[in-house]
Amino acid sequence: MIYSYDDLKIKFSDYAKIKDKICREVQSGKLIPIVRELYESDAATDGKYLASRIYGPSYLSFDFALYVYSLIPEAVYKTYTSATFNKRRTKKYQNHFGIYTYRDVPSKVYSLGVLIHEENGYSYQIATPEKALCDKLYTISPVSNLKELKELLFEDLRIDESDFVKLDMKVLETLSPLYHSTNLYLLAKLIRKFI
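A short tour of the structure in this document, coming up. (Residues numbered from 1 in each chain as written. Predicted model: local features only at pLDDT ≥ 70, side-chain atom pairs only at ≥ 80, totals over all residues. Heavy atoms only, no water.)

## Concerning the packing of helix 6 (residues 129-139) against helix 10 (residues 182-194)
Part 1 of the reasoning: Contact geometry of helix 6 with helix 10 gives a least axis separation of 7 Å together with a crossing angle of 135°. Put simply, helix 6 runs oblique to helix 10. Listed contacts from helix 10 to Cys134, Leu137 and Tyr138 of helix 6 are Asn183, Leu184 and Leu187.
Part 2 of the reasoning: For the contact of helix 6 with helix 10, the residue count by class is 5 nonpolar, 1 polar and no charged. (Axes fitted to C-alpha atoms, helices over the stretch in contact; angles between N-to-C directions. Helix = DSSP H or I, 4+ residues; strand = E, 2+ residues; numbered from the N terminus. Parallel < 35°, antiparallel > 145°, perpendicular 65-115°, else oblique. Contact = heavy atoms within 4.5 Å. Nonpolar A, V, L, I, M, F, W, Y, C, P; charged D, E, K, R; others polar.)

## Quick look at the sheet that holds strand 2 (residues 32-35)
Part 1 of the reasoning: Taking strand neighbours across the sheet as the criterion, the 3 strands line up as 1-3-2 in an open arrangement whose pairing is antiparallel. Pairing within the sheet leaves two strands with one partner each, and these edge strands are strand 1 (2-4) and strand 2. Mean inter-strand twist for the sheet, computed between neighbouring axes without regard to direction, equals 35°. (Pairing = 2+ DSSP bridges.)

## Notes on the side chain of Thr84
Part 1 of the reasoning: Within the secondary structure layout, Thr84 lies in strand 5 (residues 79-84).
Part 2 of the reasoning: A distance of 2.8 Å separates the side chain of Thr84 from the side chain of Asp104, its partner in a polar contact.
Part 3 of the reasoning: Ignoring any residue separated from it by four or fewer positions in sequence, one finds Thr84 in contact with Tyr55, Pro57, Ser58, Tyr102, Arg103, Asp104, Val105 and Tyr110. (Polar contact = N/O pair within 3.5 Å; in protein donor to acceptor, adjacent residues only side chain to side chain.)

## Thoughts on unusual backbone geometry
Part 1 of the reasoning: With omega at 0°, the peptide bond leading from Gly56 into Pro57 counts as cis.
Part 2 of the reasoning: Despite not being glycine, Glu37 has its phi angle at roughly 60°, a positive value.
Part 3 of the reasoning: The topology assignment puts Glu37 in the loop between strand 2 and strand 3 (38-40).
Part 4 of the reasoning: Of the residues examined, Glu37 reaches a relative accessible area of 39% and is grouped as partly exposed. (Buried < 20%, exposed > 50% of the residue type's maximum accessible area, 1.4 Å probe, protein only.)

## Points about helix 7 (residues 146-156)
Part 1 of the reasoning: If you check which residues of helix 7 are buried, you get Leu146, Leu149, Leu152, Leu153 and Phe154. The buried residues of helix 7 occupy an angular sector of 160° when the element is viewed end-on, so they sit on one face. Exposed and facing more than 90 degrees away from the buried side of helix 7 are Lys147, Glu155 and Asp156.
Part 2 of the reasoning: Contacts made by the buried residues of helix 7 are with helix 6, helix 8 (161-164) and helix 10.
Part 3 of the reasoning: Put simply, Asn145 is the residue that caps the front of helix 7, since its side-chain oxygen is 3.2 Å from the backbone nitrogen of Lys147. (Arc of directions from axis to C-beta.)

## Concerning the packing of helix 7 against helix 10
Part 1 of the reasoning: Here helix 7 crosses helix 10 at 90°, and the two axes come no closer than 10 Å. Looking at the two axes, helix 7 sits roughly perpendicular to helix 10. Across from Leu146, Leu149, Lys150, Leu152 and Leu153 in helix 7, the residues of helix 10 making contact are Asn183, Leu186, Leu187, Lys189, Leu190 and Lys193.
Part 2 of the reasoning: Here the residues of the contact of helix 7 with helix 10 are counted per class, giving 7 nonpolar, 1 polar and 3 charged.

Written as structure tokens, this is what we have:
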């Protein structure tokens, strides 16, 4: 269970020195620090449940989501990539649960294509496969033409073409122009060949 410092002040209100009590709980392993004034009570908790609490608003996307949907082959063990907006810089955190990276996407698309999952008493937000792909392409240096985009998708990112065509092309076609990015304009062009 995730506890903020305020939660712990209530939980340990019977103690004269709450900070000392929290320190003892951390030393005994009953509380695991996540970031300043945020703790988890279970060391085995899946790190994806903590991502949006560490820095937000945010949702899981980019490589993490692409891997979850089996679109890219590279394992992302204990590496959580999330999308934010209007933060203007990449943020990175590392703790017992993993490495967390946060990058901006355009605010216009931030809330589109995001799913909320509830598991094991936690809830987390994750991009749909189509949104995760658009977010990823947005962060990559622009390519010049469709040939280079195909190389980027199918060779560099190693997305299987048969998995790519299973994506919802209508959703991709709707999302891609909203990013105002060369890679996404080219993606929209590529999609028209599949529709």
